[in-house]
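# A structural walkthrough
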Amino acid sequence: YSVEALFGDGEKIIGRQAQEPGLKWMTTLPCKTYFTDPIIADGHIFVAGMDNENGRDCAVLSLDALTGQIEWSCPVKNSVKGDLALMDGILYAGDVDYNIYAINVADGSVIWSRRIDVTFYPTFTEGVHAADGLVFMGCASSLCALDAKTGEVVWKNSHNHSAITNVNTNRTAAGALLTNGYWVGRYCYDAATGEFLWEKKDYDNRYSTCTPAVLDTTFVYTGYSAIMQVGARSGKELKKQPYDYIFNTRSEPLVAGGKVFVGTSDNGLLAVNLEDLSQAWNFLCEPAIIYTSPYTKNREKTVESSPAAYGDNVIFGANDGFVYCLRQDNGRFVWRIKVGLPVLCKPLVSGDSLYFTDFAGNVYCYGL
């Protein structure tokens, strides 16, 4: 459709605006959703919820991707606030009490569950990660690798005992598992054996909350006020660029079109050039409805959501209650969807459909 702008001096500009996506369906879950990104597989959407009112409605759920109908709901003992992992037809979830569940995606039945030993920090708000037959869960002294089929502990961390859990999800690259502990630093281990590989305890790595992106044999992630690319097994800092922005969010960087896109705590979405991590553009969203980032002050323009690619565009949710679509090359506004509630998860693009959840526990499907 066309948009006409009439200025005070009589100048008139007519431009074309892209069509906003249309709502296909919306489903309200019996629980709220927090930092759990939805997963799609074989026509099903998997989500998880939290309930801070005595934990009565906490669950992992499966929805039909075409209709939004809830297919099954698997009750869990407490809130799930981090990412799920899917591997070989099994869905893995970790709740805030360090319980981990292996769930059959076909019917929602629990294949196995166990509680991870905790010695330092009693609440788990991170996601779980699965790769190469192992499931990784925990932080610092509770970090361990479990056999994905049986739940038996393959190895348990013996290196670090003081790091504090936060809101990221661990990632593996080149056989290395990158973890972090808020206020302490980033730590990397051999994913198969748990052997300690390297650590970084500088200012930016101590206050690093984002989920790292995997680029070949490297990790790309943000620190408190910098973006860096690090060799997965060596820990060698290949690139690092400081910024005046604060990157105190869980937003996992998206590497696409020669750029890196990532959310900030105070200045919306930032795009940097992959070659040297210099700024390409910055898009400011509206002030946050709720404050989720540590040390947030007033009217921060926070993006906790990880961005997703859609053709030549980038799509992301924001704490201001909108889902945005921008051009990757120049950050030009394409469209936005008014949700009215914070969108803290990563939007999920599958075919011509866009899926996301909001803070109140609504799951949306829009046609692109």
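Definitions and cut-offs
- Residues numbered from 1 in each chain as written.
- Predicted model: local features only at pLDDT ≥ 70, side-chain atom pairs only at ≥ 80, totals over all residues.
- Heavy atoms only, no water.
- Helix = DSSP H or I, 4+ residues; strand = E, 2+ residues; numbered from the N terminus.
- Rg over C-alpha atoms; globule rule 2.2 N^0.38 Å.
- Buried < 20%, exposed > 50% of the residue type's maximum accessible area, 1.4 Å probe, protein only.
- Areas by Shrake-Rupley, 256 points an atom, 1.4 Å probe, with all protein chains shown as cover.
- Lys, Arg positive; Asp, Glu negative; His and termini not counted.
- Charge placed at Lys NZ, Arg CZ, Asp CG, Glu CD.
- Polar contact = N/O pair within 3.5 Å; in protein donor to acceptor, adjacent residues only side chain to side chain.
- Contact = heavy atoms within 4.5 Å.
- Pairing = 2+ DSSP bridges.
- Axes fitted to C-alpha atoms, helices over the stretch in contact; angles between N-to-C directions.
- Salt bridge = Lys/Arg side-chain N within 4 Å of Asp/Glu carboxyl O.

### Details of the overall build of the chain
The secondary structure content of the chain amounts to 1 helix and 34 strands. Relative to the 2.2 N^0.38 estimate, which gives 21 Å for 368 residues, the radius of gyration of the chain is 20 Å and therefore close to what a compact globule would have. Principal axes of the C-alpha set define a box for the chain whose edges measure 70 × 45 × 35 Å. Split into buried and exposed, the 368 residues of the chain put 59% on the buried side. For the chain, the exposed area adds up to about 14,800 Å²; of that, 48% sits on carbon and sulfur atoms. The distance from the centre of the 30 positive side-chain charges to the centre of the 41 negative ones in the chain is 3 Å.

### Quick notes on the side chain of S251
The topology assignment puts S251 in the loop between β23 (237-242) and β24 (254-256). Looking at S251, its side chain comes within polar contact range of the main-chain oxygen of S305, at 2.9 Å. Other than its neighbours up to four places away in sequence, S251 contacts C210, T211, V262, G263, V303, E304, S305, S306 and P307.

### Re the environment of S162
Summarising the element assignment, S162 is placed in the loop between β15 (153-156) and β16 (171-173). Overall, S162 belongs to the partly exposed group, its relative accessible area being 37%. Sequence separation between S162 and F46 is 116 residues; the distance between their C-alpha atoms is 33 Å.

### Some points on the sheet that holds β24
The antiparallel open sheet is built from 4 strands, whose spatial order is β24-β25-β26-β27. Each of the sheet's edge strands pairs with one partner strand only, and the pair in question is β24 and β27 (279-283). Each neighbouring strand pair of the sheet contributes to a mean axis angle of 20 degrees, computed without reference to strand direction. Sheet analysis places strand β26 (residues 269-273) next to β27, joined by 4 bridges and oriented antiparallel. The residue bridging A271 from the neighbouring strand is W281, located in β27.

### Here we look at the pattern of salt bridges
For the structure shown, the criterion picks out 10 salt bridges. Here R171 makes a salt bridge to E252, at a shortest N to O gap of 3.1 Å. Placement of the pair is R171 in strand β16 and E252 in the loop between β23 and β24, with a sequence separation of 81 residues. We note that R171, like E252, is buried. For D204, the salt bridge goes to K240, with nearest N and O atoms at 3.4 Å. Of this pair, D204 sits in helix α1 (residues 203-206) while K240 sits in strand β23, and the two are 36 residues apart along the sequence. Residue classification places D204 among the buried positions, given a relative accessible area of 9%. Since its relative accessible area comes to 32%, K240 is described here as partly exposed. Salt bridges linked by common partners bring D37, D83 and R250 together as one network.

### Quick look at the pairing of strand β17 (residues 176-181)
A regular strand carries its side chains on alternate faces of the sheet. Within β17, 6 of the 6 residues are buried, which leaves it mostly tucked inside the rest of the structure. Because side chains alternate across β17, one face comprises the buried residues A176, L178 and N180, and the other comprises L177, T179 and G181, equally buried. Across 3 bridges, the pairing between β16 and β17 is antiparallel. By the bridge assignment, A173 is partnered in β17 with A176. In this sheet, strand β18 (residues 185-190) lies alongside β17 in antiparallel orientation, the contact comprising 6 bridges. Across the sheet, G181 pairs through a bridge with G185, a residue of β18.

### Observations regarding the pairing of strand β5 (residues 44-48)
Among the 5 residues that make up β5, 4 are buried, leaving the element largely enclosed by the rest of the structure. Judged from the 3 bridges that link them, strand β4 (residues 39-41) and β5 form a sheet pairing that is antiparallel. Note on β5: the bridge partner recorded for I39 is F46. Connecting the antiparallel pair β4 and β5 is a turn made up of 2 residues, with D42 showing a positive phi of about 50 degrees. As judged from the 5 bridges shared by β5 and strand β6 (residues 59-64), these two strands associate in the antiparallel manner. Opposite F46, over in β6, you have S62 as the bridge partner.

It is worth stressing that arrangement in space is one thing and function is another; only the former is reported here.
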